[in-house]
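# Summary of the model geometry
Each chain, written out:
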Protein chains: 2
Amino acid sequence: MNDSHGGAGRAAPHKRADARRNERTLLDAAAAVFVASGVEAPVRDIAARAGVGVATIYRHFPTRADLIIAVYRHQVEACAEAGPALLASGATPHAALGRWINLFVDFLVTKHGLAAVLRSDDAGFGTLHAYFLDRLVPVCSHLLEAAAAAGEIRPDVDAYELMRGVGNLCIGADKDPRYDARRLVGLLIAGMRVPQ
Amino acid sequence: MNDSHGGAGRAAPHKRADARRNERTLLDAAAAVFVASGVEAPVRDIAARAGVGVATIYRHFPTRADLIIAVYRHQVEACAEAGPALLASGATPHAALGRWINLFVDFLVTKHGLAAVLRSDDAGFGTLHAYFLDRLVPVCSHLLEAAAAAGEIRPDVDAYELMRGVGNLCIGADKDPRYDARRLVGLLIAGMRVPQ
DNA sequence: AAACATACGGAACCGTGTTCCGTTTGACAA
DNA sequence: TTGTCAAACGGAACACGGTTCCGTATGTTT
């Protein structure tokens, strides 16, 4: 677990203890504030919650995207790893795809504002898009190929486009009781089936 | 065209000529700036383009939503009126629904940032949501009912939810060549068909 | 032409992201 | 243990965009 002299070639020169401690504290504070106020909460709020100055945030996480990625990395990884697992679990590829998409939707709709920020074209969020897409599109692509090979869905559905579409459908899904993202995503998945 | 003493009961006390002129100018300027920079362009840009002070904008259009509504009112009305027309045009209700949705999608994707702002939960945009929803949901509802009555689609699709979903799918559809909102919306509509 | 209300322009204000700089603190060596 | 120095810190300062305020200008009416 100690990576202070491990890793890639050069000895990453010891990080100071207070810096490491602050990074942890910030991660916890950010997670709490994200839950309370969404991922676009003011930087000052997060700093205050962590008991540090604003510059400390920028030092550890140059862009908001970096902070968001750090907070949710575990869950994104888990989602990515669930793809192959579902495919191997015995269900049909189409069922596996449906369940995996549901996992993704559940993740997004419980993170206030995350879906919206995933769509933001603000330059600062470039790395955020890239991370989600790099990590999840291949998994989705794999599932789509399996379902297409099984003849369950039309073969011309693009994984990138599907992920963006699903992400979009999740925008604002919290705070609108009349809107159920999962139902619409279900319709979308249903629409991918071969015409018979 | 002169509505200075016509209309609803009370004599709307003459609006000053310069005010009326500025309102026009502002509408034109806003339309131009919206095309160039999207519907979230800085207020100052619009004021500058119109050659007026910022306060003049707020005087005529208290919130940005009012300005956006004023700029796009004609097109929204046209879209709303196209619904019944399509239904009466001889095609099946499902086809009419599909075409109408395409009209709506075309409208949204060509107005930079409008779809995103339609989903914004910023309080100032409340009237914008309300206007779009009030005007279009009944039309959509009518089309859905016709298609459901014809047995072409499942009867449990909610017009409000569908409109929001379609709107969401249009977010960011400009400026991403790999993302085609129309294709995804097509999948969604296809998913509404009765299982056979 | 005078009087008055309407409308105007731009400065001022406020909240939020981002950067800068003087100060503090942990790490390492003597 | 103490001295030295770079790493890290905190908060003030800055930039920018939305919103409001107020002194001034202008259209309208008598």
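A few words now on the environment of glycine 38 of chain A. Residues and elements named next belong to chain A. Mapped onto the fold, glycine 38 is located in the loop between helix 1 (17-37) and helix 2 (43-50). C-alpha of glycine 38 to C-alpha of threonine 110: the two residues are 72 residues apart in sequence and 9.8 Å apart in space. The residues contacting glycine 38, other than those within four sequence positions of it, are His112 and Gly113.

Moving on to helix 5 (residues 93-109) of chain A. Residue and element names in this part refer to chain A. Given a rise of 1.5 Å per residue, 17 residues ought to cover 24 Å, and the 24 Å separating the end C-alpha atoms of helix 5 matches this to within 8%. Restricting attention to buried positions, one finds in helix 5 the residues Pro93, His94, Ala96, Leu97, Gly98, Trp100, Ile101, Phe104, Val105, Leu108 and Val109. Where helix 5 is buried, its residues contact helix 4 (64-88), helix 6 (114-119), helix 7 (126-149), helix 8 (159-169) and helix 9 (181-191).

On to the protein's contact with DNA strand C. In the region of DNA strand C, 23 residues are neighbours, and Ala55 of chain A together with Asn22, Val52, Gly53 and Ala55 of chain B sit closest. Looking at the surface near DNA strand C, the elements with two or more residues in it are helix 1, helix 2 and helix 3 (54-60) of chain A together with helix 1 (17-37) and helix 3 (54-60) of chain B. Looking at which element gives the most residues to the surface near DNA strand C, the answer is helix 3 of chain B, with four residues. Along the lines of polarity and charge, the residues of the surface near DNA strand C split into ten nonpolar, five polar and eight charged.

Taken residue by residue, helix 9 (residues 181-191) of chain B has Ala181, Leu184, Val185, Leu187, Leu188, Ile189 and Gly191 of chain B as its buried positions. Looking at the buried positions of helix 9 of chain B, the neighbouring elements they touch are helix 8 and helix 9 of chain A together with helix 5 (93-109) and helix 8 (159-169) of chain B.

In this assembly, 22 residues from chain B lie in contact with 22 residues from chain A. Looking at the side of chain B that touches chain A, the elements with two or more residues in it are helix 8 and helix 9 of chain B.

Another point: the protein's contact with DNA strand D. Within the structure, DNA strand D sits among 23 residues, and Asn22, Val52, Gly53 and Ala55 of chain A together with Ala55 of chain B are positioned closest to it. When residues of the surface near DNA strand D are assigned to their parent elements, the largest contribution, four residues, is made by helix 3 of chain A. Tallied by class, the residues present in the surface near DNA strand D amount to ten nonpolar, five polar and eight charged.

Residues and elements named next belong to chain B. Between helix 5 and helix 7 (residues 126-149), the shortest axis-to-axis distance is 8 Å and the interhelical angle comes to 150°. In terms of orientation, helix 5 lies roughly antiparallel with respect to helix 7. Between helix 5 and helix 7 lies a crossing of left-handed hand. Residues Pro93, His94, Ala96, Leu97 and Trp100 of helix 5 form the contact with helix 7, whose own contacting residues are Leu143, Leu144, Ala146 and Ala147. Split into classes, the residues belonging to the contact of helix 5 with helix 7 amount to eight nonpolar, one polar and no charged.

Attention now goes to the relation of the copies chain B and chain A. Expressed as a screw operation, the relation of chain B to chain A combines 0.0 Å of axial shift with a rotation of 180°, fitting to an RMSD of 0.0 Å. Taken together, these values place the two copies in the relation of a two-fold axis. When C-alpha positions in chain B are compared against the rotation axis, the closest is assigned to glycine 191 of chain B, at 1.8 Å. The overlap is high: 100% of the interface residues of chain B also sit at the interface in chain A, so the same surface is used on both sides.

A word on unusual backbone geometry. Look at lysine 175 of chain A: it is not a glycine, yet its phi comes out positive at around 50°. Tracing the backbone through its elements, the reader meets lysine 175 of chain A in the loop between helix 8 and helix 9.

Residue and element names in this part refer to chain B. Axis separation between helix 5 and helix 9 bottoms out at 10 Å; the angle between their running directions is 150°. With respect to helix 9, the element helix 5 is oriented roughly antiparallel. The interaxial crossing formed by helix 5 with helix 9 has right-handed handedness. Between helix 5 and helix 9, the contacting residues are Leu97, Gly98, Ile101, Asn102, Val105 and Val109 on the first element and Ala181, Arg182, Val185 and Ile189 on the second.

Within the secondary structure, tyrosine 131 of chain B is located in helix 7. Taking the C-alpha atoms as reference points, tyrosine 131 of chain B and arginine 119 of chain B, separated by twelve residues in sequence, lie 13 Å from one another.

Below, the discussion takes up the confidence of the model for chain A. Across chain A, pLDDT averages 93, with 93% of residues at or above 70. Contacts for the low-pLDDT stretch residues 1-10 of chain A, under 50 throughout, to residues beyond four places or in other chains number four contacts.

Here tyrosine 160 of chain A shows up in helix 8. Dropping the residues within four chain positions of it, tyrosine 160 of chain A is found in contact with Leu133 and Val137 of chain A together with Arg178 of chain B.

The rules behind these values
- Residues numbered from 1 in each chain as written.
- Chains lettered and ligands numbered in written order.
- Predicted model: local features only at pLDDT ≥ 70, side-chain atom pairs only at ≥ 80, totals over all residues.
- Helix = DSSP H or I, 4+ residues; strand = E, 2+ residues; numbered from the N terminus.
- Contact = placed C-beta atoms within 7 Å.
- Expected span 1.5 Å × (residues − 1).
- Buried ≥ 20, exposed ≤ 12 C-beta atoms within 10 Å, placed from the backbone.
- Near = placed C-beta within 6 Å.
- Nonpolar A, V, L, I, M, F, W, Y, C, P; charged D, E, K, R; others polar.
- Axes fitted to C-alpha atoms, helices over the stretch in contact; angles between N-to-C directions.
- Parallel < 35°, antiparallel > 145°, perpendicular 65-115°, else oblique.
- Left-handed = near helix turned anticlockwise from the far one by under 90°.
- Least-squares fit on C-alpha atoms with pLDDT ≥ 70 in both.
- pLDDT = per-residue confidence, 0-100.

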